[in-house]
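# Structural characterization, general
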Amino acid sequence: MKVPFVDLHAQYLSIKTEINSAIAQVITQSAFIRGKHVDAFEQAWAETLKVKHCISCANGTDALYIVMRGLGVKTGDEVITTAHSWIATSETITQAGGRVVFCDTQEDTFNIDPRLIESKITKATVGIIPVHLCGQPADMDEIMAIANKHNLWVIEDCAQAHLATYKGKVVGTFGDAATFSFYPGKNLGAYGDAGCIVTNDDTLADWTATFARHGGKGEHVMEGINSRMDGLQAAILNVKLPHLPAWTTARRRVAARYNELLRGADSLTTPKVGDDRSHVYHLYVVATDKRDSLKKALADSEITTSLNYPKALPFYPAYTYLGHKPADFPAAYRNQSRILSLPIFPEMTDEMIEYVADQTRRGLTGLSAARATAAKLANV
Ligand SMILES: *Cc1c(COP(=O)(O)O)cnc(C)c1O
């Protein structure tokens, strides 16, 4: 059996008629850039999250940049974010003119450790960007309490966490604003790049929408950028959105089955979910000291896995200038060589899940057996 990491084609086949007709409509109507499909998606997504405004844009990275500009980030401002994320979270801080300040993660959830945030705050700190990594909500109560105490803004990076909830409330509704990515592989994915900002702040909504569209159509009240969602992407998202709750349930089912089948597997940790929150399993990440050999064993069994991410952000060449050492982020540093993302997507069959779990167990014990033999030989 072959198990891909995700199977976007299987999802397309399940909604092919609707998708094809939505695409045909956009082309027939020449509704290529913004227009009624985009307006409809903005409204539907805002209603889904129960927020006042959804401002669509070209991708999730732009969403972060635009909203930071909207919050007035300027040269020298420090923004605290997690040491373990996709680089979009931190590169946009720099783009907006700010200074990136990394904070270590919790070793078992991979999310920013709220106990460490206050030690990173200086007179220059203006905001915090927690990421709900892998689809698991960060500790929003603790993070919002720190932000309120120090008068900082919070942008939730929800790129991996569509519909995840914390204390019964959907993520993206805790901070001053939140950003989403609709990159094809995300839990709600377009067929190209797309993203959005959500907020309850009227002024911020107005400013970001204006900035993203060249500083205003007709009357340019300022210089802006060109960051638009196109009509094809919006029409596809409109078809997919009603399916998202069922796809989320299906992801949870895959995760629950993996948890069951991998329980007690030799030296393997399955995802830990914090209290009072629901995980949407954009990624199903296990951790083991035998990561590299397990990854290879699974590849030999035609199972595609992924590393999200192979290095914590402070240890990439892009951040050498910050001069960090492994001891500055011990949890993120330890995790980077232990984590492995197993295949997860709503259309996974029971046979696929069982095969992956089986090969994972076999890979781990096979490795232990090989290690025991090596140890025995060494003792001779
Ligand atoms: C995907 C992602 C982004 C960026 O989204 P794009 O749409 O690819 O620009 C930002 N943050 C995180 C955590 C992501 O996973």
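Residues numbered from 1 in each chain as written. Predicted model: local features only at pLDDT ≥ 70, side-chain atom pairs only at ≥ 80, totals over all residues. Heavy atoms only, no water.

Once that is clear, we can look at the pairing of strand 2 (residues 78-82). For strand 2, the tally of buried residues reaches 5 of 5 residues, placing the bulk of the element in the interior. Alignment of strand 2 against strand 3 (residues 99-103), held across 5 bridges, turns out to be parallel. Paired with E78 across the strands is R99, a residue of strand 3. Chirality of the crossover, the property in question, places the unit of strand 2, helix 5 (residues 88-95) and strand 3 among those that are right-handed. (Buried < 20%, exposed > 50% of the residue type's maximum accessible area, 1.4 Å probe, protein only. Helix = DSSP H or I, 4+ residues; strand = E, 2+ residues; numbered from the N terminus. Pairing = 2+ DSSP bridges. Right-handed = clockwise from strand over helix to strand, strands pointing away.)

Turning our eyes to something else, we now look at the sheet that holds strand 3. Here 7 strands make up an open sheet; going across it, the order is 1-9-8-5-4-2-3 and the pairing mixed. On the outer flanks of this sheet lie strand 1 (53-57) and strand 3, each paired with one strand and no other. Here the average twist between neighbouring strands, direction ignored, is 25°. Relative to strand 5 (residues 153-157), strand 4 (residues 125-129) runs parallel, the two being bridged by 2 bridges. Bridged to I128 within strand 5 is V154. Against the sheet, helix 4 (residues 60-70) engages strand 1, strand 4, strand 5, strand 8 (177-181) and strand 9 (195-199), with an angle of about 160° to strand 8. (Axes fitted to C-alpha atoms, helices over the stretch in contact; angles between N-to-C directions. Contact = heavy atoms within 4.5 Å.)

The immediate surroundings of the ligand are formed by 14 residues, with G60, T61, D157, S181 and K186 found nearest. Within the side chain of D157, one N or O atom sits 2.8 Å away from a nitrogen atom of the ligand. In this structure, an oxygen atom belonging to the ligand sits 2.9 Å away from a side-chain N or O atom of Q160. Protein contact buries 93% of the 380 Å² of open area that the ligand shows by itself. Of all the cavities here, the one that holds the ligand is the largest pocket. Among the elements of the structure, helix 4 and helix 5 are those that each provide at least two residues to the shell around the ligand. (Near = heavy atom within 4 Å. Polar contact = N/O pair within 3.5 Å; in protein donor to acceptor, adjacent residues only side chain to side chain. Areas by Shrake-Rupley, 256 points an atom, 1.4 Å probe, with all protein chains shown as cover. 1 Å grid on protein atoms, 1.4 Å probe; cavity = no way out; pocket = protein on both sides within 12 Å on 5 of 7 lines; lining within 4 Å. Sits in = over half its atoms within 2 Å of the grid points.)

With that settled, the discussion passes to the side chain of D113. For D113, the location among the structural elements is in the loop between strand 3 and helix 6 (114-117). Residue classification places D113 among the buried residues on the basis of a relative accessible area of 4%. Excluding residues that lie within four positions of it along the chain, D113 makes contacts with C103, D104, T105 and Q106.

Further remarks concern the domain arrangement of the chain. When the domains of the chain are assigned, the result is domain 1 (8-242) and domain 2 (243-378). Between the C-alpha centres of domain 1 and domain 2 there is a distance of 26 Å. At the interface, 48 residues of domain 1 touch 37 residues of domain 2. Approximately 3600 Å² of surface area, both sides summed, lies buried where domain 1 meets domain 2, with 57% of it carried by carbon and sulfur atoms. In this assembly, domain 1 and domain 2 are joined by 3 salt bridges. Connecting domain 1 to domain 2 are 27 residue pairs in polar contact (both at pLDDT 80 or more). Mapped by element, the contributors of at least two residues to the side of domain 1 that touches domain 2 are helix 1 (8-14), helix 5, strand 3, strand 6 (165-166) and helix 9 (231-240). Split into classes, the residues belonging to the side of domain 1 that touches domain 2 amount to 22 nonpolar, 16 polar and 10 charged. (Domains from an automatic or database assignment. Buried area = accessible area lost by both parts, 1.4 Å probe. Salt bridge = Lys/Arg side-chain N within 4 Å of Asp/Glu carboxyl O. Nonpolar A, V, L, I, M, F, W, Y, C, P; charged D, E, K, R; others polar.)

To continue, consider the nonpolar core. Counting 32 residues, the largest nonpolar core has I66, M68, F102, I129, W153, I155 and I197 as the members making the most contacts within it. Secondary structure elements with two or more residues in this core: strand 1, helix 4, helix 5, strand 3, strand 4, strand 5 and helix 8 (202-212). Of all the elements, helix 4 adds the most residues to this core, at 6 residues. Per-domain counts for this core show at least three residues from each of domain 1 (8-242) and domain 2 (243-378). When sequence neighbours within four positions are dropped, the list of residues in contact with M68 reads V73, T92, I93, A96, I129, W153 and I155. Grouped together as the second largest cluster of nonpolar side chains are 27 residues, F41, V51, V170 and F182 included. (Core = buried A, V, L, I, M, F, W, Y, C linked by side-chain atoms within 4.5 Å.)

So, on to the layout of surface pockets. In this structure, the largest pocket occupies an estimated 520 Å³ of space. Lining of the largest pocket is provided by 26 residues; of these, W86, Q160, Y183, K186 and Y309 occupy positions nearest its centre. Every element with two or more residues in the lining of the largest pocket is listed here: helix 4 and helix 5. Looking at which element gives the most residues to the lining of the largest pocket, the answer is helix 4, with 3 residues. Among the residues forming the lining of the largest pocket, the class breakdown is 12 nonpolar, 10 polar and 4 charged. Among the domains, domain 1 (8-242) and domain 2 (243-378) are the pair contributing at least three residues each to the lining of the largest pocket. (Points joined across faces, edges and corners; volume = space filled by probe spheres on them.)

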